[in-house]
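Results of the structural survey
Here's the letter readout for the chains.
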Amino acid sequence: MTTSNHDTIVVLDYGSQYSQLIARRVREANVFCELFSWSTPAETILALKPRGFILSGGPNSVYDHGAPTLPDYVLASGLPVLGICYGMQLLAHGRGGRVASSLKREYGPATLQINEPDNPLFKDWRLESDAEPNSQQVWMSHGDKVEHLPPGFRPLAHTDNSPFAAAADVDRRYYAVQFHPEVVHTPQGRLVLSNFVHHVCGCASDWTPANFIEEQVTAVREQVGNGRVVLGLSGGVDSAVAAALIHKAIGSQLVCIFVDHGLLRQGEAAQVVATFQREQGMKLVAVNAVEEYLESLAGITDPEQKRRIIGEKFVRIFEREANKLGQIDFLAQGTIYPDVIESAGKDKKDAHVIKTHHNVGGLPEDMDFELVEPLRLLFKDEVRQIGTALGLPDSLVWRQPFPGPGLAIRCLGEITWERLERLRLADDIFVSELRQANMLRQDTQQSFAVLLPVKSVGVMGDGRTYQEVIALRAVTTEDFMTADWARLPYDLLARVSRRIVNEVEGVNRVVLDITSKPPGTIEWE
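Residues numbered from 1 in each chain as written. Predicted model: local features only at pLDDT ≥ 70, side-chain atom pairs only at ≥ 80, totals over all residues. Heavy atoms only, no water.

1. Describing the overall build of the protein
The criterion, for reference: Helix numbering and strand numbering both begin at the N terminus, where a helix is a DSSP run of H or I of at least 4 residues and a strand a DSSP run of E of at least 2. This radius of gyration counts C-alpha atoms alone. The globule rule is 2.2 Å times how many residues there are, raised to the power 0.38. For every residue, the accessible area obtained with a 1.4 Å probe (protein chains only) is divided by the maximum for its type, and the residue is called buried under 20%, exposed over 50%, and partly exposed between those limits. Only heavy atoms enter the contact rule, under which two residues are in contact if any of them lie within 4.5 Å. Each accessible area is a Shrake-Rupley estimate made with a 1.4 Å probe; only the visible protein chains count as cover when residues are assessed. For the charge count, each Lys or Arg is scored as positive and each Asp or Glu as negative, with His and the chain ends excluded. Here the site of a charge means atom NZ of a Lys, CZ of an Arg, CG of an Asp or CD of a Glu.
Of the regular secondary structure elements, the protein holds 15 helices and 19 strands. Relative to the compact-globule value of 24 Å for 525 residues, the protein shows a C-alpha radius of gyration of 25 Å, a close match. Seen along its three principal axes, the alpha-carbon backbone of the protein occupies a region of about 75 × 65 × 45 Å. Counting over 525 residues, the protein shows a buried share of 55%. Here the analysis covers contacts within the protein between residues at least 6 apart in sequence; of these, 76% occur between residues at least 24 apart. Roughly 23500 Å² of accessible area belongs to the protein as shown, and the carbon and sulfur atoms make up 49% of that amount. Counting 52 positive and 67 negative side-chain charges, the protein places the centres of these two groups 2 Å from one another.

Listed below in C-alpha cells is the structure:
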C-alpha cells in the first residue's frame, strides 16, 4: 500500500499505552500518520519523507540505564518535533535541559494555564466558560518533569505542579507538552495535535475515505492485474470492508469463502449471504461446516484449546474450498493497522501474552498466494468510515466487535448445539433491547451475553428449577485497551432479565458483570 501521495507524520513509540491513540488522533485531523518503535532504523523512517515527528510517552526515566533515546536523525532532519510526556523529557534532555524526579507524582486531571495563547500549538484554544467548565483540563501521567528548559525553549503553559506543562523552541519548531493530548480526558487535546500537524508541520488535510478508496482501487488493480483473488469472509467488519473494496476494484476476479461454523450470533450467517451474494453481487462460496466444528469441539472446555481447534479447522476448510476454485493467484485478508503493530511487537522482550488473539489463526505458510491487504494501514474507526462510503449497511459496518472463535469463547464450558442456541437467543434479546433503547453505539462499545458453566436453583411457577446462568457484559471504551462497565438503566436490565428467563429455555438466572479492564478483560475467555 502506497502513501507517497500524502503528507506523513511519524510517531515514535516509547512504550506508552496511548501511542496508538496519538496516531489515531492525527488521522482524525485528516493527516496520514504511522507509528514506529523508537529503535526503527533511520532509513525506514526517512523513506516515508515525513513532515514531522511526534515522540510518545513511556514508562522510563531519561536517566534510567538503558532507557530509550532520541535517535540522531530526528533533530538532524530539521523537521518539526512534538514531544509528549516522556517525549518532552527526552527532547529537553537531548537539547541540554534538566529532567528530575517530581516531588509529587502527577497522575490524573490538572488545570492548564496558557502563558502564550497566540502560540501556534494553542491556536483557537477555548478559555474556560460556564458552557464548558472542564475545557482547561488536561491529563497528566508522570513521575519525572522538566526542571530547567534547554537553551532556546520558552514556557507556553503551566499547571500547579508543572511549571513547564508546555514549552517550545519556536525557531527550530520543537514543541513539547507534559500532558497527554491524545486521551479523551484532555478535552482540547485533539486541537493541540491538529495544530501541530497543520500549523507547525504544514500538512494537508487529504487523508479522507474518498481519497483512500480511489487510491486503493487503483493499487489493487495494479497488484492483481488479471489474476484471481480469494478472501475468507468471516462476517466481521474488517473482512467485509476488505471484500467490498476489492470487489469495487476487480469485480468477479474476487471469490469470497464464508465458513459457517455455527458459532455466529443470531441471524448473522444468513445476513452475510444476503449482503454479499445478493445485494453486493459478489462471488460467494458459503460452506455449512456446523457439524464438523461441533464434532471437533465436543467435550473441549479449555479456551485456548477451543481457539486452536477453531483456527485449525478454518484453515483446513478454507484450503479445501480454495482448491476447488482452480487457479488462484492472491489471498486477500482484512488485516488492519493494530494487527500490524501488534505483530511487529511480538518479539519485544517486555511483551506479555494475555491470551491468544481473538481472530482465527493465520493461513499456512506453504499456501502459494501473494497477499492483498488493502486495509493494513487503517484503524478500526477508519475501516468503518470506508465501509459506509462503500455503501455497506450500518447493521454490518457498525456491528460490535466479535471474536474470531465466536460464541465458543462466550459459551464457557462444553460446547453443544443446545447451549449455543441458548446463548444465541439470550444474546439477541440483550442486544435487541440495547438497540431499541438506542444504546448500541454511543453508550456501549461492546455488549454481549455469556453462558456460564454453572447451574443455580430457581423457582418457576410452583416448581423448583436447576438451570444455567447468563451473565451480561456491556462496556464503554475509547480504544479497547482499557474499558469500564456500562451503567445501563435499571429498567432496561430488568426487562432484559425478565425476557431471558421467560423466553430462553434452560436459563433461570441473569447476572451483570461490573468489572473494568483492567483488571478484567472484555471477553471472559
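2. Section: helix 1 (residues 19-28)
Owing to its 3.6 residues per turn, the α-helix brings residues three or four apart onto one side. For helix 1, a buried count of 9 out of 10 residues is recorded, marking the element as mostly surrounded by other parts of the structure. Among all positions in helix 1, only Ser-19, Gln-20, Leu-21, Ile-22, Ala-23, Arg-24, Arg-25, Val-26 and Arg-27 are buried. At the exit of helix 1 stands Asn-30, carrying a positive phi of roughly 65°.

3. Side note on the sheet that holds strand 14 (residues 330-332)
The test is simple: When DSSP finds at least two bridges between two strands, those strands are taken to pair. To obtain an axis, a line is fitted to C-alpha atoms, over the contacting stretch when the element is a helix, and the angle between two such axes runs from 0 to 180 degrees between their N-to-C directions.
Here we have 5 strands laid out as an open sheet, ordered 13-12-11-14-15, and parallel in their pairing. Pairing within the sheet leaves two strands with one partner each, and these edge strands are strand 13 (283-288) and strand 15 (370-372). Taken pair by pair, the neighbouring strands of this sheet meet at an average axis angle of 25°, ignoring direction. Relative to strand 13, strand 12 (residues 254-260) runs parallel, the two sharing 6 bridges. Bridge assignment links Val-255 to a residue of strand 13, and that residue is Lys-283. The strands that helix 10 (residues 303-323) touches are strand 11 (229-233), strand 12, strand 13 and strand 14; relative to strand 12, the one it contacts most, it runs at about 140°.

4. Describing the pattern of salt bridges
Under the convention used in this document: Whenever a carboxyl oxygen of Asp or Glu lies within 4 Å of a side-chain nitrogen of Lys or Arg, that contact is scored as a salt bridge.
If you walk through the whole model with that rule in mind, you get 29 salt bridges. Its salt-bridge partner being Glu-523, residue Arg-410 comes within 2.7 Å of it at the nearest N-O pair. Residue Arg-410 is found in the loop between helix 13 (394-397) and helix 14 (417-436), and its partner Glu-523 is found in the segment after strand 19 (507-512); the two are separated by 113 residues along the sequence. Glu-433 is paired through a salt bridge with Arg-495; the nearest N and O atoms lie 2.9 Å apart. With a gap of 62 residues between them, Glu-433 in helix 14 and Arg-495 in helix 15 (residues 490-503) connect regions that are remote in the sequence. Residue classification places Glu-433 among the buried residues on the basis of a relative accessible area of 9%. A relative accessible area of 29% means that Arg-495 is categorised as partly exposed. Residues joined in a network through salt bridges with shared partners are Glu-292, Arg-320, Glu-321 and Lys-324.

5. Remarks on the side chain of Glu-373
The test is simple: We define a polar contact as two N or O atoms separated by no more than 3.5 Å, with the added condition that, inside protein, one atom must be a possible hydrogen donor and the other a possible acceptor, whereas residues neighbouring each other in sequence contribute only through side-chain atom pairs.
Of note, Glu-373 is situated in the loop between strand 15 and helix 12 (380-389). Here Arg-376 takes part through its side chain, which lies 2.6 Å from a polar atom of the side chain of Glu-373. Setting aside residues up to four positions removed in sequence, Glu-373 forms contacts with Gln-333 and Thr-335.

6. So, the sheet that holds strand 1 (residues 8-13)
Read across the open sheet, the 8 strands follow the order 2-1-3-4-10-9-8-6; overall the sheet is mixed. Unpaired on one side and paired on the other, strand 2 (32-37) and strand 6 (113-114) mark the two borders of the sheet. Here 2 bridges tie strand 6 to strand 8 (residues 154-158), and the two strands are oriented antiparallel to one another. Looking at the pairing, Gln-113 lines up with His-158 of strand 8. Contacting strand 1, strand 3 (52-55), strand 4 (81-84) and strand 10 (174-177), helix 5 (residues 189-200) runs over the sheet at an angle of about 165° to strand 4.

7. Examining unusual backbone geometry
Look at the link from Lys-517 to Pro-518: it is a cis peptide, with omega at -15°. Mapped onto the elements of the fold, Pro-518 is located in the segment after strand 19. Each neighbour pair has its own omega, and for Pro-518 with Pro-519 the value is 10°, a cis peptide bond. Among the secondary structure elements, Pro-519 is positioned in the segment after strand 19.

8. Brief notes about the nonpolar core
Grouped burial of nonpolar side chains is what soluble globular proteins tend to show. Under the convention used in this document: Residues grouped as a nonpolar core are buried Ala, Val, Leu, Ile, Met, Phe, Trp, Tyr and Cys residues, joined through side-chain atoms within 4.5 Å.
One finds Ile-54 and Phe-122 to be the most contacted residues of the largest nonpolar core, which totals 82 residues. The element that contributes the greatest number of residues to this core is helix 7 (residues 237-250), accounting for 10 residues. Once you skip the residues sitting within four places of it in the chain, Ile-54 turns out to touch Ile-9, Val-10, Val-11, Leu-12, Ile-22, Val-26, Leu-82, Ile-84, Leu-193 and Phe-196. By size, the runner-up hydrophobic cluster in this structure holds 48 residues, among which are Val-230, Phe-314, Ala-426 and Phe-430.

9. Quick look at the state of the cysteines
This is how it is decided: Any pair of cysteine sulfurs within 2.5 Å is marked as a disulfide.
Applying the stated rule across the entire model yields 0 disulfides. In this model Cys-85 remains outside any disulfide bridge; the closest cysteine sulfur is found in Cys-33, 18 Å from its own. With a relative accessible area of 4%, Cys-85 lands in the buried category. Free of any disulfide, Cys-203 has its nearest neighbouring cysteine sulfur in Cys-201, separated by 5.2 Å. Since its relative accessible area comes to 6%, Cys-203 is described here as buried.

The quantities given are spatial measurements derived from coordinates; they are silent on function.
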